[in-house]
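# Observations on the model geometry
In case you want the letters, here they are:
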Amino acid sequence: MHRSTWLHLRIPFSLYLMPVFIFAASQFPFADIKTLVISFIAIHIFLYPASNGYNSYYDKDTESVGGLKNPPPVKLELYYVALAFDLVAIALGLIISWQFALMLLIYGLVSKAYSHPMIRLKKYGIPALITAAVFQGGFTYMMSTLALQHLDFKQLLEAKIEVPALLSTAMILGFYPMTQIYQHKEDTERGDKTASVIFGINGTFLFSAIVFCLANFGFYIYFMIFFHRVIFFVLFQVFLSPLFAFFVVWYFAFLVDKNEANFRNAMLLNKIASICLVSFFIMIAIIQNWY
């Protein structure tokens, strides 16, 4: 396999989406470690990279893209490797249940519509943002919960699952435009009117800040109603304080120098967010599963 193919799969970048899976694992005692490991590998090592590779094949980015500062030219091999990764993800899903495998398939199909020239959701801005937020957020939360708890589709309709699924969607809704903030030039030249292009750079910061605040309030309501523990919300603020601090500092740096809205800062925001959220949810998982 060519090195460029491995790079375009962007496996390390896929781990930035790990908080949603860990959130699902933290809310209830999960069934068993084997299911945890298989579902994690299916989603993060195969499903997400398959989507990254497939979309990279059609986007053919020449400038920085999520997780890849200098993308090399794509090769036809990338297309087939991406499809092979999808098949492996689904095969792993079948070890757990056919319902989980089906959700993996649905996620893969929707993610491919993002860049495929016949559909190319990416050029539709707000609908693309909503689709990405729903599938990378709420849908992934429910998919992960279904696998981890060995549930069926009907059980996913319970409020204790639907509410955190909505919060997961809100998290992605706030973060996703920030991943597009440095790509305006290339997206516009290609005819892709992303949400960040529509909002503008300043508007993207403000939109994300508003969504973050609303999501934060949503977590307060969730912890109080379903856990009756205000301490969870207090700890949530403590764990996320580095993220809040970086976001504010970055915004004011941008106001002084517009060049601060760049790839490096966007990826650093993703990294800090992932570390903060995963650390918090792991702590909750330990409490939920072993205490």
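For the structure, check the block above.
Rules used in this analysis
- Residues numbered from 1 in each chain as written.
- Predicted model: local features only at pLDDT ≥ 70, side-chain atom pairs only at ≥ 80, totals over all residues.
- Heavy atoms only, no water.
- Helix = DSSP H or I, 4+ residues; strand = E, 2+ residues; numbered from the N terminus.
- Rg over C-alpha atoms; globule rule 2.2 N^0.38 Å.
- Buried < 20%, exposed > 50% of the residue type's maximum accessible area, 1.4 Å probe, protein only.
- Expected span 1.5 Å × (residues − 1).
- Arc of directions from axis to C-beta.
- Contact = heavy atoms within 4.5 Å.
- Patch = residues over 30% accessible without salt bridge, like charges linked within 9 Å, V, L, I, M, F, W, Y side chains within 5 Å.
- Areas by Shrake-Rupley, 256 points an atom, 1.4 Å probe, with all protein chains shown as cover.
- Salt bridge = Lys/Arg side-chain N within 4 Å of Asp/Glu carboxyl O.
- Phe/Tyr/Trp six-rings, centres within 6.5 Å; stacked < 30°, edge-to-face > 60°.
- Lys NZ or Arg CZ within 6 Å of the ring centre and 35° of its normal.
- Disulfide = S-S within 2.5 Å.
- Axes fitted to C-alpha atoms, helices over the stretch in contact; angles between N-to-C directions.
- Parallel < 35°, antiparallel > 145°, perpendicular 65-115°, else oblique.
- Left-handed = near helix turned anticlockwise from the far one by under 90°.
- Nonpolar A, V, L, I, M, F, W, Y, C, P; charged D, E, K, R; others polar.

Assigned secondary structure in the protein chain consists of 12 helices and 0 strands. Ordering the α and β elements of the protein chain from the N terminus gives α-α-α-α-α-α-α-α-α-α-α-α. The C-alpha radius of gyration computed for the protein chain amounts to 19 Å, which stays within 12% of the reference 19 Å derived for 291 residues, consistent with globular compactness. Taken over the C-alpha atoms alone, the protein chain extends approximately 50 × 45 × 30 Å along its principal axes. The 291 residues of the protein chain split such that 55% are buried.

A few words on helix H5 (residues 76-96). Between its first and last C-alpha, H5 extends 32 Å over 21 residues, near the 30 Å set by a 1.5 Å rise per residue. Listing the buried residues of H5 in full gives Leu 78, Val 81, Ala 82, Phe 85, Asp 86, Ala 89, Leu 92, Gly 93 and Ile 96. Each buried residue of H5 sits inside an arc of 150° when the element is viewed along its axis, so together they form one side. When the buried face of H5 is taken as reference, the exposed residues oriented beyond 90 degrees from it are Tyr 80, Leu 87, Leu 94 and Ile 95. Each element contacted by the buried residues of H5 is listed here: helix H1 (3-9), helix H2 (11-14), helix H4 (33-59), helix H6 (98-113) and helix H7 (126-149).

This part takes up a nonpolar patch on the surface. On the surface, Phe 217, Tyr 220, Ile 221, Ile 225, Phe 226, Val 230, Ile 231, Val 234 and Val 238 cluster together into a nonpolar patch covering about 770 Å² of accessible area. At the level of elements, helix H10 (195-226) and helix H11 (230-256) are the ones that each hand at least two residues to the nonpolar patch. The element contributing the most residues to the nonpolar patch is H10, with 5 residues.

It is worth spelling out the packing of aromatic side chains at this point. Here the structure, examined in full by the defined rule, presents 44 aromatic pairs. Considering the side-chain rings of Tyr 57 and Tyr 58, the 5.1 Å spacing of their centres and the 85° angle between planes classify their relative orientation as edge-to-face. When its relative accessible area of 24% is taken as the criterion, Tyr 58 is described as partly exposed. Geometrically, the ring pair formed by Tyr 220 and Phe 233 is edge-to-face, given 5.1 Å between the ring centres and 75° between the ring planes. Placement of Tyr 220 in helix H10 and of Phe 233 in helix H11 is noted, with a sequence separation of 13 residues between them. Each residue in the set Phe 23, Tyr 141, Phe 219, Tyr 222, Phe 223, Phe 226, Phe 227, Phe 232, Phe 236, Phe 239, Phe 280 and Phe 281 is aromatic and connected to the rest through ring pairs, giving one cluster. Above the plane of the ring of Tyr 54 lies Lys 112, whose end atom (NZ or CZ) is 5.2 Å from the centre.

Attention shifts here to the state of the cysteines. Enumeration over the complete set of coordinates arrives at 0 disulfides. As a non-bridged cysteine, Cys 213 has Cys 276 as the owner of its nearest cysteine sulfur, 16 Å distant. Owing to a relative accessible area of 55%, Cys 213 belongs among the exposed residues under this scheme. Owing to a relative accessible area of 6%, Cys 276 belongs among the buried residues under this scheme.

So, about the packing of helix H3 (residues 18-27) against H4. Between H3 and H4, the shortest axis-to-axis distance is 11 Å and the interhelical angle comes to 160°. Taken together, the axis directions place H3 and H4 in an arrangement best described as roughly antiparallel. Crossing handedness for the pair H3 and H4: right-handed. The segment H3 lies against H4, with Met 18, Phe 21 and Ala 25 engaging Leu 36, Ser 39, Phe 40, Ile 43 and His 44. Across the contact of H3 with H4, the residue classes break down as 6 nonpolar, 2 polar and no charged.

Now for the side chain of Thr 5. Within the secondary structure layout, Thr 5 lies in helix H1. Among all residues touching Thr 5, those that are not within four sequence positions of it are Glu 77, Leu 78 and Val 81.

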